[in-house]
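Geometric and topological summary
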Amino acid sequence: MKTTRVRPTGRERTFSDGELIVTKTDPRGAITYANDVFLRISALDEDDALGQPHNLIRHPDMPRAVFKLLWDTLKDRREIFAYVVNLAADGAHYWVFAHVTPSFDDSGRVVGYHSNRRVPSRDAIAAADDLYRVLRAAESRHPRAQDAVAAGHATLQQVLAERGRTYDELVWDLSAGGTR
Amino acid sequence: MKAKPETVDTAALDQAVRLVTDVCERALSGDLEARVPVIGGSERAARIRTAINGLLDHVDAFVREAGAASAAASEGRFHRRFLTQGLDGAYRAAAEQITHSNQVMSRTAAQFAEAARQRQALADELESAVLTVSEQVATAATEMGRSANGLADFARVAVNDAERGLGTVSSLRTSSDEIRHAVDLINQVAAQTRLLALNATIEAARAGSAGRGFGVVANEVKNLANETSSSSEQIMNQVNTVQQSAADAIAVLEAVTNRIREMSELVEGIALAVDGGQHTENAGLSQLAEVLRAEVSRFVTTIRDS
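These remarks concern the structure in this document. Remember, it's a predicted structure, so these values are computed and weren't measured experimentally.

On to the overall build of chain B. Along its length, chain B carries five helices and zero strands. When its helices and strands are written in sequence order, chain B yields α-α-α-α-α.

Laid out in structure tokens, this is it:
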């Protein structure tokens, strides 16, 4: 898979405040639509993106627990916001403020997922980076993926408990100082 | 320099128009999942595809934000704002209007929450105050009931004592009557003795010097009878005085007894008001305090739950 081949170069790419990165996936997470901004920032051709699993752009710096939370929330038919660092096909990385929602048909069945991504503020990126470093450290102590996710999740809950905020509230706290 | 015109591939153009029309019709019917797939090879076809998909992406983003932000506001999750970033023009204006509305809702919700909090605090204070008052009233009622019962006992004892006094004084009157009878008898005896002494004096005078000594005795007997009458009269006066005093004492004792009986009724009235009648509809002070406490408790519960 491509994610295992691309090595992060450490070069950061950004996009403009007025731009939206948009992708749609089927219920299993395979990309069914990617807009021009996504393809440009991810350095992908449309043919390389369509039909691929969304973890095509997964960056090794992303804690497993965040994706676990993302998928659990979506399975619960709820929207989720998350700061995510993605890996472009050329090894560059880019931070996004992702808003992922389930798409429903007329009968209320989930027919896929939709992700709108906006450019986050530098402050929000710095805060998310710090948090993810803590979660990664907790996860890296466990060789088994399942244990790593559990450890990351527990650490996240601990951080939230210390701050007296829910995950949602924390994410919105970070976005409050962000660009609009 | 003039650009070379593109060669027109009619079949590809027809297919492109069909695909775009199809997506637009699906979007028109509210299906925002549809996007134009890769069409034709021409630059113009690619541009129209990007433009239409971009339009749909923005409409899609607006619809998702509007739905989710409104839902969040209606659930009180006001931290979830409408994300205006990436939206321009009319989209952004409408988004800002929704954000403003949500902020107003947020403030209103906060005011409601504050009003509810104040209501709770008021309910707590009311409950605490009424509880204290009802406890104090209950304590006072118990104390008053005890005092009233003590007073009633006291009045009963006083009435008994007065009645005993009445009996004593009445027997005094009876004794006086007996004394009067005895004195009457003595008076009659004295009158007859005086008559006998008179006859003895007359007989002694007729006897002449022989009866002189007897005459002296008869005179002494008459004097004794007179003294007896005089003493009897004094005794009668004393007895009359005693009888008058006894009658006065009886009147006073009866008046006192009546007063105590009236007082006793008043005390019973107080006891009834405090304890409540066993066979009447009247609730006592303690019960009233309990009713007040229960009513306020019900009221406070209603306020807390509202």
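Residue and element names in this part refer to chain B. In contact at an axis separation of 11 Å, helix H1 (residues 10-28) and helix H2 (residues 43-74) are set at 5° when each is read in the N-to-C sense. Taken together, the axis directions place H1 and H2 in an arrangement best described as roughly parallel. Contact with H1, carried on its side by Ala-16, Val-20, Val-23 and Ala-27, involves Ala-45, Ile-48, Ile-52 and Leu-56 of H2 and no other residues of that element.

Moving on: the sheet that holds strand E1 (residues 21-25) of chain A. The strand order across the open sheet formed by five strands is E2-E1-E5-E4-E3 (chain A), and the pairing between neighbours is antiparallel. One side of each edge strand has no neighbouring strand; the edge strands of this open sheet are strand E2 (31-34) and strand E3 (80-87) of chain A. Between one strand axis and the next, the sheet turns by 30° as a mean value, whatever way the strands run. Across the face of the sheet, H2 of chain B comes into contact with E1, strand E4 (93-104) and strand E5 (110-118) of chain A while running at roughly 100° to E5 of chain A.

What follows concerns the pairing of E5 of chain A. Residue and element names in this part refer to chain A. Two elements, E1 and E5, share five bridges in a ladder whose sense is antiparallel. Its bridge partner lying in E5, Lys-24 is registered against His-114. Counting the residues that bridge the hairpin from E4 to E5 gives five residues, and of these Gly-108 lies at a positive phi of roughly 85°.

It is worth spelling out H2 of chain B at this point. Residues and elements named next belong to chain B. In this model, H2 (32 residues) spans 46 Å end to end at C-alpha, consistent with the 46 Å of a helix rising 1.5 Å per residue. Residues of H2 that are buried include every one of Ala-45, Arg-49, Asn-53, Leu-56, Asp-57, Asp-60, Ala-61, Phe-62, Glu-65, Ala-69 and Ala-73, and no others. The positive-phi residue at the C-terminal boundary of H2 is Gly-76, with phi of around 80°.

Reading the values: rules and limits
Residues numbered from 1 in each chain as written. Chains lettered and ligands numbered in written order. Predicted model: local features only at pLDDT ≥ 70, side-chain atom pairs only at ≥ 80, totals over all residues. Helix = DSSP H or I, 4+ residues; strand = E, 2+ residues; numbered from the N terminus. Axes fitted to C-alpha atoms, helices over the stretch in contact; angles between N-to-C directions. Parallel < 35°, antiparallel > 145°, perpendicular 65-115°, else oblique. Contact = placed C-beta atoms within 7 Å. Pairing = 2+ DSSP bridges. Expected span 1.5 Å × (residues − 1). Buried ≥ 20, exposed ≤ 12 C-beta atoms within 10 Å, placed from the backbone.

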